[in-house]
Amino acid sequence: MSNSSTGTGTSSKQRAASSQPSETSSKRKRGVFQKELQHMMYGFGDDPNPLPESVALMEDIVVEYVTELVHKAQDIGSQRGKLSVEDFLYLIRKDLPKLNRCTELLSMNEELKQARKVFESEEFD
């Protein structure tokens, strides 16, 4: 029994149960987030140099999660004709720690933009 992952109508549970790699994992460049994930894994209590297999597994999980989140946000955004930050916030609205962290990072980003604007305007005066 062959399970091809064409990406149409397959859930993450179905792809995880399949023995074949998902469509996104077979087309993407591996190891792009290796250093960042090693640092994050160490920060969360893993060894300073985790096994390469562990890092690869974490990368696969993270990339699959982000890819699914983006696809869901695109579905929501396509109803209005554009993708926005609010689409992502809507998707994580029930996960309060993620929602709070995202809103915190978004507000810090706005503060940094304002500070840069003030700094650049002072440079020209």
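Residues numbered from 1 in each chain as written. Predicted model: local features only at pLDDT ≥ 70, side-chain atom pairs only at ≥ 80, totals over all residues. Heavy atoms only, no water.

By the naming in an unreviewed UniProt entry, the chain is Transcription initiation factor TFIID subunit 13, taken from Flemingia macrophylla. The record in UniProt for the chain states the following under Sequence similarities (unreviewed entry): "Belongs to the TAF13 family." Checking UniProt for the chain, the heading Subcellular location (unreviewed entry) contains the comment "Nucleus". (UniProt positions renumbered as here; feature names shortened; annotations may be inferred.)

A.B. asks: Before we go on, may I ask you to explain helix α4 (residues 52-78) in this structure?
C.D. replies: Side chains three or four residues apart in an α-helix point the same way, a direct result of the helix having 3.6 residues per turn. Helix length check: α4 (27 residues) gives 38 Å between terminal C-alpha atoms against 39 Å at 1.5 Å per residue, within 8%. Val55, Glu59, Val63, Leu69, Ala73, Ile76 and Gly77 are the residues of α4 that are buried. Against α3 (34-43) and α5 (85-91) lie the buried residues of α4. (Helix = DSSP H or I, 4+ residues; strand = E, 2+ residues; numbered from the N terminus. Expected span 1.5 Å × (residues − 1). Buried < 20%, exposed > 50% of the residue type's maximum accessible area, 1.4 Å probe, protein only. Contact = heavy atoms within 4.5 Å.)

A.B. asks: What is the right way to read the pattern of salt bridges from this model?
C.D. replies: Two side chains bearing opposite charge may form a pair once their charged atoms approach each other closely. Going through the model one piece at a time under the given rule, you end up with 5 salt bridges. Here Asp95 makes a salt bridge to Lys98, at a shortest N to O gap of 3.3 Å. For Asp95, a relative accessible area of 28% corresponds to the partly exposed category. Residue Lys98 is classed as partly exposed on the basis of its relative accessible area, which comes to 35%. We note a salt bridge from Lys113 to Glu110, for which the minimum N-O separation is 3.6 Å. With Lys113 and Glu110 both in helix α6 (residues 96-124) and 3 residues apart, the pair spans about one turn of that helix. (Salt bridge = Lys/Arg side-chain N within 4 Å of Asp/Glu carboxyl O.)

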